[in-house]
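# Fold and geometry: a report
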Amino acid sequence: MSQPLSSPPVAGNQPNRPHRTVTVSSLLPPNDMQLALQAYLPSFGQVRWVDRTGSTNVDLYTQARHSQASARRPWLLGTHLQDSGRGRAGRTWQNRAGAN
């Protein structure tokens, strides 16, 4: 089992840090990523990380529709690869293994 991280497991553009390209091979395995994020975000009601999904937003929306109103939130769902997500501001979603 991986040790909890003292900072987020993946850092992108952050002040005083150079931009870093993240590839799938440089990410923790999904279960280790989930455990690290759970340790880093203890106030979250649920933290899940999966290897692949169609759309994290659709998955969370479906979960919210089928969960009890009293379920503790916020929820976080992350993935190494998202196949059919929607881009922001009407842009097309483009993703492939190792691309981003």
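Just so it is clear, the model here is predicted, and its values are computed rather than measured.

### Thoughts on the nonpolar core
Membership of the largest hydrophobic core is limited to six residues, which are Leu27, Met33, Leu37, Leu41, Val47 and Trp49. With residues up to four places along the chain from it excluded, the contact list for Leu41 reads Val47 and Leu76.

### Brief notes about the confidence of the model for the protein chain
Averaged over the protein chain, the pLDDT score is 77; the fraction of residues at 70 or greater is 67%. Note on residues 1-7: pLDDT under 50 across the span, and eight contacts to partners over four residues away in sequence or across chains.

### Some remarks on the packing of aromatic side chains
Counted by the stated rule, this structure contains zero aromatic pairs. Over the aromatic face of Trp75 sits the side chain of Arg73, whose NZ or CZ is 4.4 Å from the ring centroid.

### Looking at the pattern of salt bridges
Where charged atoms from two side chains of opposite charge come close, those side chains can pair. One pass over the structure, following the stated rule, counts one salt bridge. Residue Arg52 is joined to Asp83 by a salt bridge in which the shortest nitrogen-to-oxygen separation is 2.9 Å. Remark: Asp83 occurs in the segment after strand S2 (75-82) and Arg52 occurs in strand S1 (residues 46-53); sequence separation between them is 31 residues. Classification of Asp83 as partly exposed rests on a relative accessible area of 44%.

### A few points about the side chain of Thr56
By the secondary structure assignment, Thr56 is in helix H2 (residues 56-66). Judged by its relative accessible area of 15%, Thr56 is buried. Filtering out sequence-adjacent residues up to four positions away, Thr56 remains in contact with Leu77, Thr79 and Gln82.

### Notes on the pairing of S2
Of all eight residues making up S2, seven are buried, and the element is well covered by its neighbours. Both S1 and S2 contribute to a ladder of seven bridges, which runs parallel. Residue pairing across strands places Arg52 opposite Leu81, the latter belonging to S2.

Rules and cut-offs
Residues numbered from 1 in each chain as written. Predicted model: local features only at pLDDT ≥ 70, side-chain atom pairs only at ≥ 80, totals over all residues. Heavy atoms only, no water. Core = buried A, V, L, I, M, F, W, Y, C linked by side-chain atoms within 4.5 Å. Buried < 20%, exposed > 50% of the residue type's maximum accessible area, 1.4 Å probe, protein only. Contact = heavy atoms within 4.5 Å. pLDDT = per-residue confidence, 0-100. Phe/Tyr/Trp six-rings, centres within 6.5 Å; stacked < 30°, edge-to-face > 60°. Lys NZ or Arg CZ within 6 Å of the ring centre and 35° of its normal. Salt bridge = Lys/Arg side-chain N within 4 Å of Asp/Glu carboxyl O. Helix = DSSP H or I, 4+ residues; strand = E, 2+ residues; numbered from the N terminus. Pairing = 2+ DSSP bridges.

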